[in-house]
Amino acid sequence: MGNSLPSKSPPPISTRFQREQKRLFVIFSLVLCFGIPASIDLSIEREYVLRTNHAGNYRSLRPATVAIVPGASVYKNAPSPVLKDRLDCAVELYRQGKVRKILLSGDNGSSYYNEVKPMLLYVLERKVNERDVFVDHAGFRTLDTLVRAKQIFQVKDAIFVSQKFHQPRAAFIAKKIGLELQSYESDRRPYVSGPFSRVREFFARTLAWVDMNLANTAPKYLGNPYPIEGSGIKTWKGSVL
């Protein structure tokens, strides 16, 4: 008579319950980590799509006081392709009479990295009137850029010049702070950083939602006013002066 294998007894009910609790905890954690950001991302995207009409065509834009150009990476003191396209689009708006001023806002937080100097030099090389170019050295985030535009530069209406992935978050923040903002999408080519930028934007939108609705986050720096209706030359200090 052959030996039969011993039968395995089912795990105790308490053990099965613990395993089920762990599974539910993992599912709940995933919902919190990805479900809520996904909902916020979709909501901000949908609101932008419903509000915006032909954001890639400057002819559809209403005239505004200023084009706001947020900073992006610079390589060897030259604008990256992403940043170059933003600057070219801002200059185009200026030449077409859609804006009277250009506000360059970027990261100049250390002596080793300066976004705004290459931005300023690039615009001046394209024969924009010096008085019409303003520089914001403390545009560390989109929130800082837009809040400072309103409070420091006393901007009431503007056109935000950036790539499509960036525009919904800017529009969301502008609406929250009461800044009249149109969008001009500056996508002029495929970008190597495109997929990474969209993933980063997924989480940045959640942070913006928290900043605006829960934390009441302020810019890192404020300071003395530089009205956008005046001359921008006095804002260049630290860039080319």
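Data block above holds the structure.
The sections below set out a description of the structure shown in this document. (Residues numbered from 1 in each chain as written. Predicted model: local features only at pLDDT ≥ 70, side-chain atom pairs only at ≥ 80, totals over all residues. Heavy atoms only, no water.)

### Brief notes about the pairing of strand β4 (residues 99-105)
Here's step 1: Taken across its seven residues, β4 has six buried, putting it largely inside the fold.
Here's step 2: Pairing between strand β1 (residues 64-70) and β4: six bridges, direction parallel. Directly across from Ala67, in β4, lies its bridge partner Ile102. (Buried < 20%, exposed > 50% of the residue type's maximum accessible area, 1.4 Å probe, protein only. Helix = DSSP H or I, 4+ residues; strand = E, 2+ residues; numbered from the N terminus. Pairing = 2+ DSSP bridges.)

### Structural notes on helix α2 (residues 81-95)
Here's step 1: Between its first and last C-alpha, α2 extends 21 Å over 15 residues, near the 21 Å set by a 1.5 Å rise per residue.
Here's step 2: The buried fraction of α2 is high, at eleven of 15 residues.
Here's step 3: The complete set of buried residues in α2 reads Val82, Leu83, Asp85, Arg86, Leu87, Asp88, Cys89, Ala90, Val91, Leu93 and Tyr94.
Here's step 4: Looking one or two residues beyond α2, the residue adopting positive phi is Gly97, at roughly 80°. (Expected span 1.5 Å × (residues − 1).)

### Some thoughts on the environment of Glu185
Here's step 1: Within the secondary structure, Glu185 is located in strand β7 (residues 180-185).
Here's step 2: Once the C-alpha coordinates of Glu185 and His166 are considered, the two residues, 19 residues apart in sequence, prove to be 8.7 Å apart.
Here's step 3: Other than its neighbours up to four places away in sequence, Glu185 contacts Tyr48, Ala55, Gly56, Ser162, Lys164 and Gln167. (Contact = heavy atoms within 4.5 Å.)

### A word on the pairing of β7
Here's step 1: Of all six residues making up β7, five are buried, and the element is well covered by its neighbours.
Here's step 2: Chirality of the crossover, the property in question, places the unit of strand β6 (residues 157-162), helix α5 (residues 167-177) and β7 among those that are right-handed. (Right-handed = clockwise from strand over helix to strand, strands pointing away.)

The values are spatial; any link to function lies outside them.
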